[in-house]
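Report on the structure
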Amino acid sequence: IGELVKECHRQSVPVFFYYSLMDWHHPAYQPSLKPKTPVSAEFIDYLKGHMRELCTNYGHIAGIWFDGGWDHSPEQWHSAELIEIVRSLQPHALVNNRAGLPGDFSTPEQELGSPPQQGEERLREACMTINDNWGYAATDQRFKSPAELIQLLAKAAGGDTNLLLNVG
């Protein structure tokens, strides 16, 4: 990450870190694989350590993009505490809504939604795929055409929404 962040800073490219709350391979998360089960204190400490590392070792960051929080409640993830770590170490960093709390911006998947209403100031980022999967799937050949992708970008821009285009 260090080399990438250094080059992003050199090129004046804002740095956001994607962070999956779930970690299917971490031993302290294994007992929490079943949805709605408690998340161990050991794993929460691990998450908090990562947040501190990401927010202190790489200079200024523009934000944290949480993901993978759907199997547990914000209380089980200690989301408020994780976000407070980000806020205390990187006060200007944006945080999305994927830790189960509203955050600074919403991140709907596979939909652009309606344009913002007058007076609505919530930031939005539509998360779309170029086909039907978030990761590589050899059998998924339903790729959007270049014209469809341009239409998505135009609709997002017209709706004051950032477009996150996933390429699996």
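Here the structure is shown first, and the text comes after it.
What this report covers is the structure whose coordinates are included nearby.

Quick notes on the rules
Within each chain, residue numbers correspond to sequence positions counted from 1 in written order. Given that the model is predicted, a residue must reach a pLDDT of at least 70 before its local features are reported, and side-chain atom pairs must reach 80 or more before they are shown or counted; all residues, however, enter totals for whole chains, interfaces and linings. To get the side-chain values, take all heavy atoms of the structure and skip hydrogens and water. For two strands to count as paired, DSSP must find a minimum of two bridges between them. Segments assigned H or I by DSSP are reported as helices when at least four residues long, segments assigned E as strands when at least two residues long, and all are numbered from the N terminus. We count a salt bridge whenever a side-chain nitrogen from Lys or Arg sits within 4 Å of a carboxyl oxygen from Asp or Glu. Three labels apply to residues, based on accessible area from a 1.4 Å probe with only protein chains included: buried if under 20% of the type maximum, exposed if over 50%, partly exposed otherwise in between. The term polar contact refers here to a pair of N or O atoms within 3.5 Å; inside protein, the definition further demands a hydrogen-donor-capable atom paired with an acceptor-capable atom, and it admits residues adjacent in sequence only when both atoms are side-chain atoms. All axes are obtained by fitting lines to C-alpha atoms, using only the stretch in contact for helices, and the reported angles, taken between N-to-C directions, cover 0 to 180 degrees. Note on terminology: angles under 35 degrees are roughly parallel, angles over 145 are roughly antiparallel, angles of 65 to 115 are roughly perpendicular, and the others are oblique. The crossing is said to be left-handed when, going from far helix to near helix, the turn is anticlockwise and less than a right angle, and right-handed when the turn is clockwise. Contact definition: two residues touch when any of their heavy atoms are within 4.5 Å. The span one expects for a helix is its residue count, reduced by one, times 1.5 Å.

On to the sheet that holds strand S2 (residues 63-67). Where strands meet in a sheet, backbone hydrogen bonds hold them as pairs that are either parallel or antiparallel. Across the sheet, which stays open at both edges, the 3 strands sit in the order S1-S2-S3 with parallel pairing between neighbours. Looking along the sheet, the strands with just one partner apiece sit at the ends: strand S1 (16-20) and strand S3 (94-95).

Tallying each qualifying case throughout the model produces 6 salt bridges. Here Arg 10 ties to Glu 7 by a salt bridge, and the two come within 2.9 Å at their closest N and O atoms. Residue Arg 10 and its partner Glu 7 are both found in helix H1 (residues 2-10); the two are separated by 3 residues, about one turn of the helix. Look at Arg 10 and you get exposed, because its relative accessible area is 59%. Classification of Glu 7 by relative accessible area gives partly exposed; the value is 33%. Taking the shortest distance from any N to any O, the salt bridge between Asp 132 and Arg 142 comes out at 2.4 Å. Taken together, the residues Asp 132 in the loop between strand S5 (123-129) and helix H5 (146-158) and Arg 142 in the loop between S5 and H5 connect sequence positions 10 residues apart. Looking at Asp 132, the relative accessible area reads 40%, which means it is partly exposed. Residues joined in a network through salt bridges with shared partners are Asp 67, Arg 98 and Glu 109.

Structurally, Ser 88 is set in helix H4 (residues 79-89). Overall, Ser 88 belongs to the partly exposed group, its relative accessible area being 47%. In this structure the C-alpha to C-alpha distance between Ser 88 and Gly 113, which are 25 residues apart in sequence, comes to 32 Å. A polar contact is formed between the side chain of Ser 88 and the backbone oxygen of Ile 85, at a distance of 3.0 Å.

At their nearest, the axes of helix H2 (residues 41-56) and H4 sit 9 Å apart, and the two run at 20 degrees to each other. Taken together, the axis directions place H2 and H4 in an arrangement best described as roughly parallel. Crossing handedness for the pair H2 and H4: right-handed. Seen from H2, the contacting residues are Leu 47, Lys 48, Met 51, Arg 52, Cys 55 and Thr 56; seen from H4, they are Glu 81, Leu 82, Ile 85, Val 86 and Leu 89.

As a further point, take H5. An ideal rise of 1.5 Å per residue puts 18 Å on 13 residues; H5 measures up with 18 Å between its terminal C-alpha atoms. Positioned one or two residues after H5, Asp 160 has a phi angle of 55 degrees, which is positive.

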